[in-house]
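# Tertiary structure, described
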Amino acid sequence: MENRLYQLRKTKGLSQITVEMDTGVDQSLLSKFEKGVRIPPTETLIKLADFYNVSIDYILYRTDKPDVNR
């Protein structure tokens, strides 16, 4: 999961601080999620999926299609 969150953030050219400011998810937690040290809880997954406009399944590698409306 760490690679997908990292890739989404980098593709959009965002810093972890920017994601924190826009989502309310603490930067230190974002770092841990991206590195695979921690797994985001459901509420956080929803926030991040909404923010990146992708499905939770995409973040969790259950699909390779990021489209939320698949």
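Residues numbered from 1 in each chain as written. Predicted model: local features only at pLDDT ≥ 70, side-chain atom pairs only at ≥ 80, totals over all residues. Heavy atoms only, no water.

Further remarks concern the packing of aromatic side chains. Counting across every chain of the model gives 1 aromatic pair. Note on phenylalanine 51 and tyrosine 52: the rings are 5.0 Å apart at their centroids and 70° apart in plane angle, and the pair reads as edge-to-face. When its relative accessible area of 24% is taken as the criterion, phenylalanine 51 is described as partly exposed. Looking at tyrosine 52, the relative accessible area reads 4%, which means it is buried. For arginine 4, the ring lying beneath its charged end belongs to tyrosine 58, and the centroid distance is 3.9 Å. Its guanidinium or amino end placed over the ring of tyrosine 61, arginine 4 lies 4.0 Å from that ring's centre, counting from NZ or CZ. (Phe/Tyr/Trp six-rings, centres within 6.5 Å; stacked < 30°, edge-to-face > 60°. Buried < 20%, exposed > 50% of the residue type's maximum accessible area, 1.4 Å probe, protein only. Lys NZ or Arg CZ within 6 Å of the ring centre and 35° of its normal.)

Another aspect to go through is the nonpolar core. Ranked by size, the top nonpolar core spans 14 residues in total, and within it Leu8, Val19, Leu48, Tyr52, Val54 and Ile59 carry the most contacts. The set of elements that each furnish at least two residues to this core consists of α1 (2–11), α3 (27–35), α4 (42–52) and α5 (56–59). No other element matches the 4 residues that α4 contributes to this core. What valine 54 contacts, discounting residues up to four positions off in sequence, is Leu8, Ala49, Ile59, Pro66 and Val68. (Core = buried A, V, L, I, M, F, W, Y, C linked by side-chain atoms within 4.5 Å. Helix = DSSP H or I, 4+ residues; strand = E, 2+ residues; numbered from the N terminus. Contact = heavy atoms within 4.5 Å.)

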